[in-house]
Structures are given as structure tokens and as C-alpha cells.
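Topology and contacts: notes
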Amino acid sequence: MFFLETSVLLFIGAFLLTYLTIPKIIGVVEHKRLMDDPNHRSSHASKTPTLGGVSFYYTLIFALFFISGRDVFNEAMYIIPGLTILFVVGLKDDLVVISPGAKMIAQACAIAFILANPSFTITSLNGFLNVNEIPYYLYLGIAGFMMLTIINSYNLIDGIDGLASVVGIVIMILYTTIFYLTQQYFFALLSITLNACLMAFLGFNLSSDKKIFMGDTGSLIVGFIISILTLKFLALGPESYTEMPFLLENAPLIAISILIVPLFDTARVFTIRIANKKGPFSPDRNHTHHVLIDYWGLSHKQASFIIGCFNLLFVMLFIVLGSKAKNLGMVIMLVSVVIFLGYIFFKYNYNFTTLKQKIMIKRKVESLKHRGNATKKKRKKDISIVRDENESKQ
């Protein structure tokens, strides 16, 4: 009962704090002219306020203050420095842009605080692919790489309206359920808090008159929290899985299925860029969400909803399979699905220059149509003025 009351109050408080302060952020951004200018890669055509992730930071800090008593290993005090580092780096990147290398160093520093806490230490894979005990130094390497991958993968899917929020909401719902069933109430409440932030933000992100982007400030913070929750999920001991609907040894595959959207999209895009002899972080429009919009003609809302539903259904499928199937069979199935999806989207690996030309032509046609409509209205207005003058003379 205590958890239910706390979670409801926390959700309402986080939602209202985010919802009521985002308009203030929009006002400041517009007044200081800090809007995001569209370019040839952008999915939006007009200047749009960014820095929506600022609201995530202070909401999470407030929440951590109130729920810090629920953590066993003082995890809140280790999360706050990492959040602050990524908040400052994301804010700077939204305002003046920084190099990928500098962002990676900042992410590594934030991750170091988490790895220093014993609560997140993975001592065993519980028989996954017949691997049990793992040494501490190997854990540090695997965990650090995993968190870096999750943070950057989530950052990369933030390319169209609603997608990062929808995917984040799905992931938070799943982790809230997992940590509630395993009685890890601190992490369940942390998931609820971030979920409230994303739900409040989603309405503005999809709005036509009060639109705002979360920016790198938001995507880095959300990706960081997701990576923390994933690491904690994998660090749970056998005693925590008594109420879970899947086998203990399948936990790593369940974690991958929860993060399938950002992980698949990042792997696919990096493969395409490297195959085209470009850097893995070089910009293009080869992301899955860009394919759905540019070539399948979907709107931002439709693409985000479809990807979010796919994420949820994919997890449900693997949870059902994970309740009985051995992990080797699930690994084979996961690889098969990834290869199948990769094949489907492979034909959309178009040259970036061609994509740019098509998008520019499309925008030019729309601009000409708009200009033509404006000219017609002006002609009608001129004719009306001349007619009125003639009538007045008569």
C-alpha cells in the first residue's frame, strides 16, 4: 500500500512539474533565440525550441531526494553526479555543438560513478550460454560498453516527433513492472518518475503550436537512466526472479528485447555508414524512422506509434518464449529476427546525396505551392482594391 501511494504521488508530482515548466522553457528559448534551425537532415521545416530535457533533469533530482530512502546501497548519491555531467554536456551540445569524442568522455565519467556502486555489480550470467561466474574486471568492461551503447543508441533514435518519448515510455513501463515484481522499489519509483516526465513532454513534442524537442540534454539523461535500469536488471540475484515470468538464464535476452528499437537502429545505421566508408557517427537519413517517413509516407505520429507498438510486442513475445525456451534457441531466434529486419530495410540504404536531393526538391515544390497561393491571394486583393476605387470614382 505504501508503494502504491508513493508511486501515485510521485507520478502526479513529476508529471505536473514537467508539464507546467516546459512552457516557461519554451518562452525563454524563444526570447533568447535558442531554437533549433532545420537543415538538410531535419524532419522539421521551421525553427523549433529545444532544451526540453532541462525539465527532466530537475524533476529527476527532486524525485531522487524524496525516494533516496528506498535505496539499499545509497544509489541515489551515485546517480546524481552522472546526471549532472550529462545534463551540462547535453546543454552545451544543444547550444554550441560539441564533438562526439568529448561526449563519449563525459559519458564515460558519468558511467564511472555507477560502476563504483556495488549494487550494480554483475557477478554471474546465471547460465546464459553456459556462462556463470564472471571476474570483476570483465564486468567493468562489459557494463561500461553496454551503458555507452545504450546511451548513444537512445540519443540516435531522437530524430522525429514523439519517437524517443514513445520508446522511452514503453521501456519505463516494462522496467517499472520488472522492479515492482522483484521488490526493487527504488528503481521502480525511478522508472515511474521518468515515465511521468516523458508523458508530459510527449504532448508538447507532438503539438503544432507549442512544440519543443528534448534535445541532447534530454536524450542523454533518458538514455543514462535506461542504461542504469538495464544494468540493475542484469545484476539481480536468483532470489529476485521467483515472481518473474521468464527463466533466470534468459534475462540478458529479455534486456536486449526491451532495447531492441535503439539497438537495432544503431547497429543497422552504423553498418551502412561503415559499408559506405563513412564514420559511424556521420549524419544521414538512413535511420529506420527516416525510412518510414521518407519512403513509406508515414507521418511522425504514425511512425512513432508503429515503432513503439513493435517494441512492446517484441518484448511480450520474448517474455512468453523466455518462460520455457532455452537461451540458445532464443538467441537463434533473436539473430534471425534481426537479420530479417535488416534485410527488409536494406533496400532503403539509399545514397545520402540522393536523399538530400529528393528532400530538397520536395520542400522546394511545397514552397512554390505556398508562394503560388500567396500570389493568387494578392492578385485577388489588388483586383478588389481597383474595383473599389473605380466604384468610388463613379
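Analysis parameters
- Residues numbered from 1 in each chain as written.
- Predicted model: local features only at pLDDT ≥ 70, side-chain atom pairs only at ≥ 80, totals over all residues.
- Heavy atoms only, no water.
- 1 Å grid on protein atoms, 1.4 Å probe; cavity = no way out; pocket = protein on both sides within 12 Å on 5 of 7 lines; lining within 4 Å.
- Points joined across faces, edges and corners; volume = space filled by probe spheres on them.
- Helix = DSSP H or I, 4+ residues; strand = E, 2+ residues; numbered from the N terminus.
- Nonpolar A, V, L, I, M, F, W, Y, C, P; charged D, E, K, R; others polar.
- Axes fitted to C-alpha atoms, helices over the stretch in contact; angles between N-to-C directions.
- Parallel < 35°, antiparallel > 145°, perpendicular 65-115°, else oblique.
- Contact = heavy atoms within 4.5 Å.
- Core = buried A, V, L, I, M, F, W, Y, C linked by side-chain atoms within 4.5 Å.
- Buried < 20%, exposed > 50% of the residue type's maximum accessible area, 1.4 Å probe, protein only.
- Pairing = 2+ DSSP bridges.
- Expected span 1.5 Å × (residues − 1).
- Salt bridge = Lys/Arg side-chain N within 4 Å of Asp/Glu carboxyl O.

Here we come to the layout of surface pockets. A volume near 660 Å³ is recorded for the second largest pocket. Every residue lining the second largest pocket is counted, 25 residues in all, and those nearest its centre are I142, F145, M146, T149 and L263. Secondary structure elements with two or more residues in the lining of the second largest pocket: β1 (124-128), α5 (136-157), α8 (215-235), α9 (251-258) and α10 (260-275). Across the lining of the second largest pocket, the residue classes tally to 20 nonpolar, five polar and no charged.

This part takes up the packing of α5 against α10. In the contact formed by α5 and α10, the axes pass within 8 Å of each other and the chain directions differ by 80°. Comparing the axis directions of α5 and α10 gives the class roughly perpendicular. Here T149, S153, Y154, L156 and I157 of α5 lie close against α10, whose contacting residues are P262, L263, D265, T266 and F270. Within the contact of α5 with α10, the residues separate by chemical class into six nonpolar, three polar and one charged.

Of all hydrophobic cores here, the largest spans 102 residues; its most connected members are L231 and F233. In this view, F233 contacts Y175, I178, F179, Y241, F246, A251, I254 and A255; residues no more than four positions away in its chain are not counted.

Once that is clear, we can look at the pairing of β1. Burial runs high along β1: four of the five residues are buried. As judged from the two bridges shared by β1 and strand β2 (residues 131-133), these two strands associate in the antiparallel manner. When the sheet's bridge partners are listed, F128 is paired in β2 with V131. Two successive antiparallel strands, β1 and β2, enclose a turn made up of two residues, where L129 displays a positive phi of approximately 55°.

For the rest of this paragraph, the subject is helix α2 (residues 53-67). A rise of 1.5 Å per residue sets the reference length of α2, with its 15 residues, at 21 Å; its end C-alpha atoms lie 21 Å apart and thus fit the reference within 8%. Taken together, the buried positions of α2 are occupied by G53, V54, S55, F56, Y57, T59, L60, A63, L64 and I67. Check the buried side of α2 and you find it contacts α1 (2-31), α3 (75-95), α7 (185-205) and α8.

It is worth spelling out the pattern of salt bridges at this point. Throughout the structure, instances matching the rule amount to three salt bridges. With a closest N to O distance of 2.8 Å, D161 and K211 form a salt bridge. Of this pair, D161 sits in the loop between α5 and α6 (163-181) while K211 sits in the loop between α7 and α8, and the two are 50 residues apart along the sequence. Looking at D161, the relative accessible area reads 13%, which means it is buried. Each member of the salt-bridge network shares a partner with another, and the members are D93, K103 and D216.

With the exception of glycine, most residues fall at negative phi, and the peptide bonds are largely trans. Residue R33 is not a glycine yet carries a positive backbone phi of 55°. Look at L51: it is not a glycine, yet its phi comes out positive at around 70°. Looking at the secondary structure, you find L51 in the loop between α1 and α2.

It is worth spelling out the environment of P118 at this point. Relative to the helices and strands, P118 resides in the loop between α4 (100-115) and β1. The exposure class assigned to P118 is partly exposed, which follows from its relative accessible area of 49%. Placed 44 residues apart in sequence, P118 and N74 show a C-alpha to C-alpha distance of 9.8 Å.

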